Amino acid sequence: MSTRTLVSPAALARPRGRAVYWTVFTAVVVLFAIAFLFPVYWMVTGAMKSPDEVARTPPTIAPKQWHLSGYSDAWDLMQLPQHLWNTVVQAAGAWLFQLVLCTAAAYALSRLKPAFGKVILGGILATLMVPAQALVVPKYLTVADLPLIHTSLLNDPLAIWLPAVANAFNLYLLKRFFDQIPRDVLEAAEIDGAGRLRTLWSIVLPMSRPVLGVVSIFALVAVWQDFLWPLMVFSDTGKQPISVALVQLSQNIQLTVLIAAMVIASIPMVALFLVFQRHIIAGISAGSTKG
C-alpha cells in the first residue's frame, strides 16, 4: 500500500524539489526553536541586566553590561538553598507515596478483580470531574484536624504527601497499562509458583518502567509547581517550598534578583525533563505492549 505524503517522492528526486523542501523544513525548525528558546534566553539574560536596563522601553536584546551578581544575590537574599531543599523533600515524598500506593491500587483493580472493583474505579474517576478548587477547603479541614487521631498536619510535609496520593489520573493511567500486559506472561509466572506480590515486583513493575516514568514526572511536576496548597498549609516561612517563597520573599527585592531566583528555581525541572525525556516519549506509547 502506497503512503501519501505532503511532498511526492518524484518532487524530492529533483534537485529543485529537494532544495525547496529542506529550505522550508529548516525554516520551520528554526522558527519553532526560536519560539521555545527565546523566552528562556530572555529570562536568563534578564537577570544579568541592571535594574534600569530591565525596565527600559524598548528593551535591549542583550545586556549592555553583564552582571552575574543577580544570581548570587538571589541565592543568598531569598534563602534559595533552604527552600529548594524543602521542595525536594515535599516532591520526593509525594512521588514515593503516590508511586507505591497508586501502583498497588491500580494492580489490584486491574489483576486482582476485587468485589465492586468497577464501582470503586468509577467513583475514583468521578473525582476527575470535581474542580480542584472545590476540594481545597475540605482538604484543609482534614489536614488541620486529622480524623480519628485528631492531630494537625499543618507545617508538616505529610500535608503535601498524603493528598498527593489521591491522584485519579495517574491511577487510571497505571491501570490501563496493567490491563494490556499479556495474560500469558502472568499465567507463566503463576505456573512457576510466583504469588501476586512476587508477580507484581518481578514481572509487572519491570515491564511498566515507561508508564512509571511518566507517572513520576507528573507527580514531581505537580508538587514542584503547586502554589495555593503549600501556601495554605505552610505558615512557617522556613518550611515553605520554592514556589511560595518566591512570592513571599519578593517584597523589596530588585527585579533582576527575582528573575535570577526564578531561573534557579526552574533548573531542576528542566534538568529532570532532559534526563527523562526518553521515558516520557516511551510512556506516550506505553499502551502498545507486545506479547
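As the structure is a computational prediction, the values presented were derived from the model and not from experiment.

Caption draft 1: Spatial organisation of the environment of Pro241. Mapping Pro241 onto the fold places it in the loop between helix 13 (228–233) and helix 14 (242–248). Between the alpha carbons of Pro241 and Val88 there is a distance of 8.3 Å; along the sequence they are 153 residues apart. Each residue touching Pro241, except ones within four places of it in the same chain, is listed here: His83, Asn86, Thr87, Gln90, Pro230 and Phe234.

Caption draft 2: Highlighting a nonpolar patch on the surface. A surface patch of nonpolar side chains, about 620 Å² in accessible area, is lined by Val20, Val24, Val28, Phe32, Phe36 and Leu37. One can find Val24 in helix 2 (residues 15–46). Its relative accessible area of 47% is what places Val24 among the partly exposed residues.

Caption draft 3: View of the packing of aromatic side chains. All chains considered together, the criterion is met by 7 aromatic pairs. When the centroid spacing of 6.2 Å and the interplanar angle of 85° are considered together, the rings of Tyr107 and Phe178 count as edge-to-face. Here Phe178 lies in helix 9 (residues 168–179) and Tyr107 lies in helix 5 (residues 80–112), a separation of 71 residues in the sequence. As far as burial versus exposure is concerned, Tyr107 and Phe178 are alike and both buried. With 6.5 Å between their ring centres and 70° between their planes, Phe177 and Phe178 make a pair best called edge-to-face. A single burial state applies to Phe177 and to Phe178, both of which are buried. Among the aromatic side chains, those forming a connected cluster through ring pairs are Phe38, Tyr41 and Trp42. The cationic tip of Lys49 hangs over the ring face of Trp42; the distance from NZ or CZ to the ring centre is 4.3 Å.

Conventions adopted
- Residues numbered from 1 in each chain as written.
- Predicted model: local features only at pLDDT ≥ 70, side-chain atom pairs only at ≥ 80, totals over all residues.
- Heavy atoms only, no water.
- Helix = DSSP H or I, 4+ residues; strand = E, 2+ residues; numbered from the N terminus.
- Contact = heavy atoms within 4.5 Å.
- Patch = residues over 30% accessible without salt bridge, like charges linked within 9 Å, V, L, I, M, F, W, Y side chains within 5 Å.
- Areas by Shrake-Rupley, 256 points an atom, 1.4 Å probe, with all protein chains shown as cover.
- Salt bridge = Lys/Arg side-chain N within 4 Å of Asp/Glu carboxyl O.
- Buried < 20%, exposed > 50% of the residue type's maximum accessible area, 1.4 Å probe, protein only.
- Phe/Tyr/Trp six-rings, centres within 6.5 Å; stacked < 30°, edge-to-face > 60°.
- Lys NZ or Arg CZ within 6 Å of the ring centre and 35° of its normal.

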